[in-house]
Amino acid sequence: MNKAEPSLSEQQQIRREKLDQLKELDVNPYPHSFDVTHYSTQILDNEDEYVTKTPDDPSKTKRVSVAGRVMTRRIMGKASFFTIQDKEGVVQVYIRRDDIGTDLYNKVFKKLTDIGDFVGIKGFVFKTRTGETTIHAEEFQFLGKTVRPLPTPKEVENEDGEVVTYDAFSDKELRYRQRYVDLVVNPEVKETFVKRTRMVQAMREFMNERGYLEVETPILQPIYGGASARPFKTHHNALDIDLYLRIANELYLKRLIVGGFDGVYEFSKDFRNEGLSRFHNPEFTQVELYVAWKDYSWMMDFMEQMIEHVALTIHGSTKIKVGEHEIDFKAPWPRIPMYEAIEKETGHDLSDKSDEEILKIAKELHIDIEDGMGKGKMIDEIFGDYVEPKLIQPTFITDYPIEMSPLAKKHREKEGLVERFEAIFNGKEIANAFSELNDPVDQRERFEEQARLRADGDDEAMTVDEDFLRAIEYGMPPTAGIGIGIDRLAMIMTNSESIRDVLFFPQMKPEG
RNA sequence: GAAUCGGUAGCUCAGCUGGUAGAGCAGCGGCCUUUUAAGCCGCGGGUCGUGGGUGCGAGCCCCACCCGAUUCACCA
């Protein structure tokens, strides 16, 4: 035994001994393959098709071959019941010494097969006295020994038909760190992640149908930009340069619009060097989409249609239960200019106020004011505290102060504002979009303003990206762009309270 | 970063005003050929998060630290 290995529990030692005993019996503990013909739910959902109609002569009925993990065992001497869990669910198996042979039954099944081990069985389907659809095993094959015991939760249906779980594997830290175990023993976890994938697929299909091109852009970037955030820094040895992990892919996708694509999108992992919370993981997924010739009003139409489509695809309904609320994604959604939304909740019309007046109002509203907070930041704070949490149903908030939006085009009518919207669901920002700024002179000025903020100590402000400026100097058509937070959308679509519940492997501190 | 709560057997948890660590499941040995939280008889299993301290004596009290959960603050 490897001395570096941590000391083994009694149960781990016993399982290793069983592994040796299997080899001594010439049973391969790790065979190479097994022919699966059916999945558990396929049999259970179509029991009329599979349950034998000739119980007195099983030779005349269908055979099924199923593989998976042993999850429970009930041994009654010369016959036993156990359950197999496969990718779709759990099915019960009935196995008898006289069907599979004394040695295989007594030595291999009874003595050396543990909960968690992989087995394959072939047999026919019947109903037990208590009415459970069960596979009567005629062949049993060992498919993989596990040397570490799984947690052993029990699910029971009580008299009211509710499923009660005993001894659940519930320690959140262990569930996140050992997601593989969480997935095995907590079936709803699998469902959440399947839904997440179907959600992404539905979005991808929706965009593909409209002719937009899925692309890939650099994650390692010499100049990061496209959002206000602190980056992760890394180093390329051969070039001997520092690189940053992208915080957004906006500036690269817009370069592709310059290059002549009409619509491009990317599902992208972005990285922000910030704290963790139930809404924040240092790496997270966005989809960003840029469409030429369009503006932010068009993008609102697009988004509400796409998300309605996603809800229908996943849930078959536009209405989704999220926590205490039922959220209805049926398009169209209300579109409320930011100043109107603030005025409605606070009574203050900020639209024609000076910086000093807004500062005074912010103080009245008990907003935490920090040094160097500009007008835009204060308005954002007021909005975040007084308006955003109240927007449970899907809502577009439109027309943001120019100070907070260095990449958005100036509003066609309203002075001091840009054509930007955020989509708010369940009191949280899910998407951010604008009519993209394509005036290179204006863009340079906005970058320079960012650079000033940066020089004044705002380490989330953007840096001047000369190559991006050069690109739009060559000319970018009118363009609408959007970024949608996939993790947060997945939280809503799966009724999850924490971003960690929709990430297979959320960021954790190192163990130990 | 702050506050609150928590860390005891493989899993879920008890453990009183400090008195030498318990249950169920899981495991091991036996019985049991339609069970289903299967049942019955018997048995083993712990550096009580880590390190200090105060007690004759610490899972429990004190201090420091580690890890986590939740809430709050900043970012999507």
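Before any of the text, the structure's been laid out above.
This one's a predicted model, so the numbers in the text were calculated from it and none came from an experiment.

Note on placement: Ala-79 falls in strand S2 (residues 79–85). In contact with Ala-79, not counting residues within four places along its chain, are Tyr-94, Ile-95, Arg-96 and Tyr-105.

The next subject is helix H9 (residues 250–258). Counting buried positions over the nine residues of H9 gives seven, a clear majority of the element. Those residues of H9 that sit buried are Glu-250, Leu-251, Tyr-252, Leu-253, Lys-254, Arg-255 and Ile-257. Next to the buried residues of H9 lie strand S9 (220–221), strand S12 (263–271), strand S13 (283–292), strand S19 (428–435), helix H15 (466–473) and strand S20 (479–485). One or two positions beyond H9, positive phi appears at Gly-260, with a value near 115°.

Before going further, it helps to spend a moment on the nonpolar core. Generally speaking, a soluble globular protein has its nonpolar side chains buried in company with each other. Membership of the largest hydrophobic core comes to 48 residues, with the highest contact counts inside it found for Met-203 and Met-303. Discounting residues that sit within four places of it in the chain, Met-203 has contacts with Phe-267, Val-287, Met-306, Val-310, Ile-484, Ile-486 and Leu-489.

One pass over the full model with this rule turns up 19 aromatic pairs. Plain terms: the ring middles of Trp-298 and Phe-302 are 5.4 Å apart, the flat faces sit at 25° to each other, and that makes the pair stacked. Here Trp-298 and its partner Phe-302 are both found in helix H10 (residues 296–315), four residues apart, which amounts to about one turn of the helix. Overall, Phe-302 belongs to the buried group, its relative accessible area being 4%. A centroid spacing of 6.2 Å and a plane angle of 80° characterise the contact between Phe-447 and Phe-468, whose relative ring orientation is edge-to-face. Separated by 21 residues along the polypeptide, Phe-447 in helix H14 (residues 440–455) and Phe-468 in helix H15 bring together distant segments of the chain. The pair Phe-447 / Phe-468 is uniform in exposure class, with both members buried. Three or more aromatic residues link up through ring pairs in this structure, and these residues are Phe-329, Trp-333, Phe-396, Phe-421 and Phe-425. Looking at Arg-255, its charged tip hangs above the ring of Tyr-252, at a distance of 4.6 Å from the centre.

Calculation rules
- Residues numbered from 1 in each chain as written.
- Chains lettered and ligands numbered in written order.
- Predicted model: local features only at pLDDT ≥ 70, side-chain atom pairs only at ≥ 80, totals over all residues.
- Heavy atoms only, no water.
- Helix = DSSP H or I, 4+ residues; strand = E, 2+ residues; numbered from the N terminus.
- Contact = heavy atoms within 4.5 Å.
- Buried < 20%, exposed > 50% of the residue type's maximum accessible area, 1.4 Å probe, protein only.
- Core = buried A, V, L, I, M, F, W, Y, C linked by side-chain atoms within 4.5 Å.
- Phe/Tyr/Trp six-rings, centres within 6.5 Å; stacked < 30°, edge-to-face > 60°.
- Lys NZ or Arg CZ within 6 Å of the ring centre and 35° of its normal.

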